[in-house]
Each structure stands twice: as structure tokens, then as C-alpha cells.
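Observations on chain architecture
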Amino acid sequence: MIKDIQNEILKLKKEKDICILAHSYQSPEILEIADFTGDSFALSQRASEVQSKTVIMCGVRFMAETVKILSPDKKVILSNPAAGCPMAEMLDVEYVKEVKRQYPDYAVVAYINTTSELKTVCDVCVTSSSALKICRKIEKDNILFIPDCNLGGWIAKQLPEKNIKLLDGCCPVHAKLSREDVLKAKQLHPGALLLVHPECRAEVCELADFAGSTTEIMHFAKTSEADAFIIGTENSIVTHLQLACPDKKFYPLSNECICSDMKATTLVDVLNCCKGEFGEEIILDDEIYRGAKRCIDEMIRLG
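Quick look at the structure, then. (Residues numbered from 1 in each chain as written. Predicted model: local features only at pLDDT ≥ 70, side-chain atom pairs only at ≥ 80, totals over all residues. Heavy atoms only, no water.)

1. Structural notes on the overall build of the protein
Looking only at helices and strands, one finds 15 helices and 13 strands in the protein. The C-alpha radius of gyration of the protein comes to 19 Å, within 12% of the 19 Å expected for a compact globule of 303 residues. Taken along its principal axes, the extent of the C-alpha atoms in the protein is 55 × 55 × 30 Å. Counting only residues that meet the buried cut, the protein has 55% of its 303 residues in that class. For the protein, long-range pairs separated by at least 24 residues make up 60% of all intrachain contacts whose partners lie at least 6 apart in sequence. (Helix = DSSP H or I, 4+ residues; strand = E, 2+ residues; numbered from the N terminus. Rg over C-alpha atoms; globule rule 2.2 N^0.38 Å. Buried < 20%, exposed > 50% of the residue type's maximum accessible area, 1.4 Å probe, protein only. Contact = heavy atoms within 4.5 Å.)

2. Comments concerning the pairing of strand S11 (residues 228-232)
Burial runs high along S11: 5 of the 5 residues are buried. Neither face of S11 is left uncovered, since the one carrying Ala 228, Ile 230 and Gly 232 and the one carrying Phe 229 and Ile 231 both have all their residues buried. Bridging between strand S9 (residues 193-196) and S11 involves 4 bridges; their strand directions are parallel. Within the sheet, the bridge partner assigned to Leu 195 lies in S11 and is Ile 231. Of the pairings in the sheet, the one linking S11 to strand S12 (residues 249-252) comprises 4 bridges and is parallel in character. Bridge pairing in S12 links Ala 228 to Lys 249. With helix H13 (residues 236-244) bridging S11 and its parallel neighbour S12, the resulting β-α-β unit is right-handed. (Pairing = 2+ DSSP bridges. Right-handed = clockwise from strand over helix to strand, strands pointing away.)

3. Considering the pattern of salt bridges
In total, this model carries 12 salt bridges according to the counting rule given. The partner of Arg 201 in a salt bridge is Glu 203, with the nearest N and O atoms 4.0 Å apart. Accessibility expressed as a relative area gives 30% for Arg 201, which makes it partly exposed. Of the residues examined, Glu 203 reaches a relative accessible area of 29% and is grouped as partly exposed. (Salt bridge = Lys/Arg side-chain N within 4 Å of Asp/Glu carboxyl O.)

Structure representation (C-alpha cells):
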């Protein structure tokens, strides 16, 4: 049944010249029919390089918005209109404007996990893999990092020469992981290396053998000589790594590390998107497009 649906999707995307993007947190059956898989910004860049006029983003809303910003002439479809991101929606424009008025000499750094509208009032975007590098390159010593205080705190510890102010945003999924989860997992799986996403709390990152983006975690696990790993990010990565490296062992840091928004998209949703019967086309106001693109362009300029 799954294979039949996949074959129909492959047939339709070829007939209609559709490019399918799938974030690494999507299910294996969706990753199998995608043209590109990986982290959100890398997917947006790949979409901008293809000739296809229609792009389906299997992920969440801010990711589809980023695809549209980098590919304004393409038709961009969010695979499931209900797939949002609580962290991206934690702060609003007026709140950030008010904070900027209080701290006028601060450069405002926006994690890519923000709405396009919020990016318009920020100076530069960062991804989890580029955040440290870009914050180091910013000329100003004062930085307001939004919205993830955990990722921001992780960067601040590595850049003591910068004065980094944080707000109270976070990824609810990663923020649930605790020191107690780590101690329990290490007791259950002695000798296994702990790999975590820097969206986790400091008490978790401090106990990790490696912290990095989803793609960096997967690369570390695949190339490491170690054969057992505890994975401190969305649990779909455990499944993907088990399939990619059956000779190694992978364990979730917590069985509760599941993003319901990432799980919102199903294989049938993707099929119906290809049929033109589901999904939501992303349309951005010109002012929001220009403001968000400026923020992303500055990230690209800084490397």
C-alpha cells in the first residue's frame, strides 16, 4: 500500500515537474520520495537551484516561507497547512520592536526558526550550524538573540567576548529534555555517546559528547568509530540513523522527544498536494518578502 502511494507520487511529480523537499524530521516513507532531504535552510537553497516551477515543502510553515523567499518565482506549497512551529510563533513583531527600542545598540540575530514577518525587524538570520560563526563575525559586541534562549545560551558560552542578551523563547520539544533524562539514558546505555541539538537546555548540552544541527548529528554518528549513540533531538532521527547504519546502535534520549507539527504531514498529504487537492500555497506580502530576504541575505554574506 505504501509503495503504491509512493509510486503514484513519483509519477505525478515527474508529470507535473514538482520538486519535493523533506525535512529530516519527516517519516522514512516521505524521505524516500523526496528530491532533497536535510535541514530547513539547506533545503531552501537546493530548491532555488532546481528548474521545477512547483516546490512542495514537507516540514513546517516557516520552512516553506524560507523556500518562497529564496525562490520567489516558484509556486511553493506547504504540505500540511496545520504544520506550524511553536518556537517560530513565540515572539511577535511589536514585542521585538519594543525590545529594540530598549537596546538600540544591539544587533538583532534571528534564528531561522522564526516567521518571515519577524525576520523583517531583525538584522541577520542564523541556522543552528552557522549561528556560532555568524555571531562571531558580527561587528557589534552587543547581540540580541531571538527566539531560542537555549541555542542563544549555547552560543554565548562559546563567545565570551560578545554580550549576548536572550529572550524567553525555546523549542518546546527540545526544552523538555532534562539532566535526569541524560543520567537515565547513560545508565541504560553505558558507553553510548550522547549527541544533542543545541536547542536543548544547557544542563543537557553540558553532558553531551557532541552538540550540533540535525545534519551535523547525523554526520557525526555515521562517520564516528563509536558504535552506540544516544540521540538528543527529534526521535525520527533515531529511526533514520538505524536504517542508515544498521551495524550501529541508536537510542532516543527520551521517548517523548516528538514534534507533532513535523508529524502532521502524511504520505497521503503529499500525494494530495501533487494532485493539487491539498496543501497551502505560500504567498508573502512584498514588504515582508523584502524585509525577510534582507535578513537572510545578510546571513549568506556572513557565511
